[in-house]
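Fold and contact review
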Amino acid sequence: MKLFEYQAKELFEQIQIPVPNRVLIENPEEMAKATDEIGFPCVLKAQVLQGGRGKAGLIKLVSTIDEAHLQAEAIFSKAQNMSGLLIEEALQIDKELYVSITADPVSGTAMMMACSEGGIDIEEIAKNIPEKIHKITIDLSQGIQTYQVRGLLYEMGLDDRLIGTGTKLLMDLYHVFRNHEAELVEINPLIVTKDGKLMAGDGKISIDDNALFRHPQFQVTRAYYENDAEFEAAEEGIPYIQFDGDIGLMCAGAGLTNTVFDLVNDYGGNVANYLEFGGPNYHKAKKAMEIMMKNDIKVLLIVTFGTIARADVMAEGIVEAMKELNPPFPIVAAVRGTGEEKAHELLRSVNIDPLIDTEQAVIKAIALSGGVKQ
Amino acid sequence: MSIILDQSTRVLVQGITGKEGSFWTKHMIDYGTNVVAGVTPGREGQNVAGVPVFHTVKRAVRNIPVEASLLFVPPRFAKEALFEALEAGIKKVVILCDGIPLHDAIQMRKAAISAGAMVIGGNTSGIISMGQAMMGFFPYWLERVYKPGRIGIMTRSGSLTNEITAEVVRAGFGASSLIGIGGDPVPLTRFAEVLPLFEEDPNTDAVVLIGELGGTMEEEVAEAIENKIFTKPLVAFLGGRTAPKGKKMGHAGAIITAGKGTVKDKMIALKNAGALVAERPRQVGTLLESILASKI
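Being a predicted model, the structure only gives us computed values, none of them experimental. (Residues numbered from 1 in each chain as written. Chains lettered and ligands numbered in written order. Predicted model: local features only at pLDDT ≥ 70, side-chain atom pairs only at ≥ 80, totals over all residues. Heavy atoms only, no water.)

Applying the stated criterion across every chain, the model contains 43 salt bridges over all chains. Glu 44 of chain B is paired through a salt bridge with Arg 59 of chain B; the nearest N and O atoms lie 2.8 Å apart. Placement of Glu 44 of chain B in the loop between strand S2 (35-39) and strand S3 (47-48) and of Arg 59 of chain B in helix H2 (residues 57-63) is noted, with a sequence separation of 15 residues between them. Between Glu 167 of chain B and Arg 170 of chain B there is a salt bridge, with its nearest N and O atoms 3.0 Å apart. Note that Glu 167 of chain B and Arg 170 of chain B are positioned in helix H5 (residues 159-170) at a spacing of 3 residues, about one turn of the helix. Since its relative accessible area comes to 52%, Arg 170 of chain B is described here as exposed. Shared partners join several salt bridges into a network, and the residues in it are Glu 5, Lys 9, Lys 45, Arg 53, Glu 88 and Asp 202 of chain A. (Salt bridge = Lys/Arg side-chain N within 4 Å of Asp/Glu carboxyl O. Helix = DSSP H or I, 4+ residues; strand = E, 2+ residues; numbered from the N terminus. Buried < 20%, exposed > 50% of the residue type's maximum accessible area, 1.4 Å probe, protein only.)

Below is the structure:
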């Protein structure tokens, strides 16, 4: 679960990581009150989850109230799925740094990374100046040690006068990572101000979905999703991603779904969505079909090859959905695995030809969608 | 012969009295697995399919020698259950559940390394040595998938494994051992750590790797081939070649790997190391035919 910048900064503030003064507004009418508090110049920052906000025109520096109103109107009309606008004091920037913490799956540790060149996409840094990225690993059972953090800061060439506050900041950041069971915490840029202070210019936190049961303060709402179908699927625990093609995918298992996705692309079809109803969701075929019907598709392609996710149970759900929902699109199905003989009987009862071969199913679905696209 | 598990391996099942635990324990015994004991706190004295149940792992191993443990526990208890098995001295553990919290998984990986134990999982169907024994849940009665033979299989995925293994069988081959290392971001055993076992196994002629986007495990396999740690033929199939950047691939995740992680990069790394890479499931069979026929 990715958090919005304003939420990340709230978590930073709670643990005393320095953050700029800021106010979150819900609509442009609240602007005057916010700028009275923050003053000019200030920065307007759209609270959306996607990256590249600057390039998309969703972050603007403004110096007057008129300019603030104008830019706020533009951002509110342009941004989709925005959870408010952050009005933030403009800092006097001396330098921009990068720091993050994530998991190192090879050694079984947490990994803290820092770079003296922040503010730009970290993947660019990794590609162009990998030697400037410094790393330490932290054994979770021992916890983070100050000498490690101090060493990291010296390696990245931080000004001697900032080593003390920098060490405290990174120790605190580790506690944010641990306390909230994050997959990722990132400050980019970590700003050195002209008056020699460190401050979190941005904040990115992603909480581990598998640990959310231990962190009830993070509630999943529509705000975290790009569209209704993705949110509805998420509420059911069904992985779903929207694309703009016309072949709907309803597959079981992440690996098989990815493979069917590849095959559709290889054979020249266009995928409308990724929907995976395997694992614990194999009895949710009907719900999955309901979600599919929110989508304007020309054909539905169902591919499964399950073990625990029994083929007969999935076929029962498909048949039930066919009868109750009467989907307006043709269905191509390769439903295999445990209980497949019964599954095939069930599918035939609603006039679906049960296929055995995945590639054959893909080719048939593309033909039904109107053939190969340009 | 096989790797990690055969019909003589003495298996403990943690969480044996649960619905899934008891159901699959029966299937494992039917298949030939030597299940010698089970653990469920509060249920000592009972039995499941003739297998005695104990309160704790320590109490079980005090009574009955155990070599391997299979965890049928919910994800939130996986860490504890693993620590309990490791503390009792068990060196082979298979963890099936999907949904282990990341911070738990990191600590589990560290603990497994420290204990010198091979811990497989989570988020896997388990491991099966064809025609001999299994730890986990496999529909071994599907003959067009679960056929004994001389191909080692290791995989990050469940349903894709059925798809690919069916192609291996269709081409006239069968599997020696199938190792489901699982689909979690922190697999407790990595592909490259399984390879030396297949290298040593006289009954494995080649390995099929079923991988996918994300992480660096396929790249590590390429390195193992380059460094001659693994010298048998290897055929790889990777899912997610055309996937747009996945939602799970955050910035920091991609950056650790510095340009690694996409399927295209993985395919190049494997090909450069000398592995054969199938673009489609069907090609796994034809590639195996091409290399193994030429060896005979």
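Attention now goes to the environment of Arg 144 of chain B. When you line up the elements, Arg 144 of chain B lands in the loop between strand S9 (133-136) and strand S10 (148-155). Setting aside chain neighbours within four positions, we find Arg 144 of chain B in contact with Phe 305, Arg 336, Glu 340 and Ile 356 of chain A together with Thr 165, Ala 166 and Val 169 of chain B. In this structure the side chain of Arg 144 of chain B is engaged in a polar contact, spanning 2.5 Å, whose partner is the side chain of Glu 340 of chain A. (Contact = heavy atoms within 4.5 Å. Polar contact = N/O pair within 3.5 Å; in protein donor to acceptor, adjacent residues only side chain to side chain.)

Right, let's get into the interface of chain A and chain B. Of the residues lining the interface, 60 residues belong to chain A; the matching set on chain B comes to 56 residues. For the pairing of chain A and chain B, the buried interface totals around 4800 Å² over both sides, and the portion due to carbon and sulfur atoms is 56%. Among the residues chain A hides against chain B, the three largest losses belong to Pro 105, Phe 305 and Thr 307 of chain A. Together they make up 13% of the total. Applying the counting criterion to the chain A and chain B interface returns 7 salt bridges. The closest approach of N and O atoms between Arg 170 of chain B and Asp 357 of chain A, which form a salt bridge, is 3.1 Å. There are 20 residue pairs in polar contact (both at pLDDT 80 or more) connecting chain A and chain B. Examining the composition of the side of chain A that touches chain B, we find that 9 residues originate from one element, helix H8 (residues 254-266) of chain A, more than from any other. Residue composition of the side of chain A that touches chain B, grouped by class: 25 nonpolar, 16 polar and 19 charged. (Buried area = accessible area lost by both parts, 1.4 Å probe. Nonpolar A, V, L, I, M, F, W, Y, C, P; charged D, E, K, R; others polar.)

A few words on the packing of aromatic side chains. Tallied over the full model, the rule gives 12 aromatic pairs over all chains. Both rings, one in Phe 4 of chain A and one in Tyr 6 of chain A, keep their centres 6.1 Å apart while their planes meet at 20°; by these two values the pair is stacked. The class of Phe 4 of chain A is buried, set by a relative accessible area of 1%. Judged by its relative accessible area of 18%, Tyr 6 of chain A is buried. Centre to centre, the rings of Trp 24 of chain B and Trp 141 of chain B are 6.3 Å apart; their planes meet at 10°, and the pair counts as stacked. On the criterion of sequence distance, the pair formed by Trp 24 of chain B in helix H1 (residues 19-31) and Trp 141 of chain B in the loop between S9 and S10 is long-range, its members being 117 residues apart. Judged by its relative accessible area of 4%, Trp 24 of chain B falls in the buried class. Each residue in the set Phe 23, Trp 24, Tyr 31, Phe 72, Phe 137, Tyr 140 and Trp 141 of chain B is aromatic and connected to the rest through ring pairs, giving one cluster. (Phe/Tyr/Trp six-rings, centres within 6.5 Å; stacked < 30°, edge-to-face > 60°.)

To continue, consider the domain arrangement of chain B. All names here are of chain B. The domains assigned to chain B are domain 1 (1-123) and domain 2 (142-296). For domain 1 versus domain 2, the distance between C-alpha centres works out to 26 Å. Across the contact, 18 residues belong to domain 1 and 19 residues belong to domain 2. Across the domain 1/domain 2 interface, buried area totals approximately 1700 Å², and carbon plus sulfur atoms make up 60% of it. (Domains from an automatic or database assignment.)

Our next topic: the packing of H8 of chain A against helix H12 (residues 358-368) of chain A. Residues and elements named next belong to chain A. For the pair H8 and H12, interaxial distance at closest approach is 10 Å and the crossing angle is 50°. As far as their axial angle goes, H12 and H8 are oblique. As for the relative orientation of H8 and H12, their crossing is right-handed in sense. Residues Val 260, Leu 263 and Val 264 of H8 form the contact with H12, whose participating residues are Thr 358, Glu 359, Val 362 and Ile 366. Each residue belonging to the contact of H8 with H12 can be placed in one class, and the counts come to 5 nonpolar, 1 polar and 1 charged. (Axes fitted to C-alpha atoms, helices over the stretch in contact; angles between N-to-C directions. Parallel < 35°, antiparallel > 145°, perpendicular 65-115°, else oblique. Left-handed = near helix turned anticlockwise from the far one by under 90°.)

UniProt's feature table lists "domain: CoA-binding" (unreviewed entry) at residues 4-100 of chain B, given in the numbering used throughout. Between the end C-alpha atoms of residues 4-100 of chain B the distance is 23 Å, and the span holds 31% helix and 24% strand. (UniProt positions renumbered as here; feature names shortened; annotations may be inferred.)

Attention shifts here to the domain arrangement of chain A. The assigned domain composition of chain A is domain 1 (21-89), domain 2 (93-214) and domain 3 (225-368). Computed from C-alpha atoms alone, the centre-to-centre distance between domain 1 of chain A and domain 2 of chain A is 27 Å.

All names here are of chain A. All buried positions along helix H5 (residues 146-155) are accounted for by Gln 148, Val 149, Leu 152 and Leu 153. On an axial view of H5, the arc spanned by its buried residues comes to 130°, and they lie on one face. In this structure, H5 carries Tyr 147 and Glu 155 as exposed residues pointing more than 90 degrees from its buried face. Buried residues belonging to H5 abut strand S6 (109-115), strand S7 (133-138) and helix H6 (163-179). Following H5 by one or two positions, Gly 157 adopts a phi angle in the positive range, close to 80°. (Arc of directions from axis to C-beta.)

Attention now moves to the pairing of strand S8 (residues 182-193) of chain A. Side chains on a regular strand alternate between the two faces of the sheet. Residue and element names in this part refer to chain A. Across the 12 residues that make up S8, a large majority, 11, are buried. Bridging between strand S5 (residues 93-104) and S8 involves 8 bridges; their strand directions are antiparallel. Bridge pairing links Lys 95 to Val 192 in S8. The sheet contact formed by S8 and strand S10 (residues 204-207) spans 4 bridges and is antiparallel. Following the sheet pairing, Val 185 is matched in S10 by Ile 205. In this structure, S8 lies alongside strand S9 (residues 198-200), joined through 3 bridges in antiparallel fashion. Considered in S9, the bridge of Val 192 is made with Leu 198. (Pairing = 2+ DSSP bridges.)

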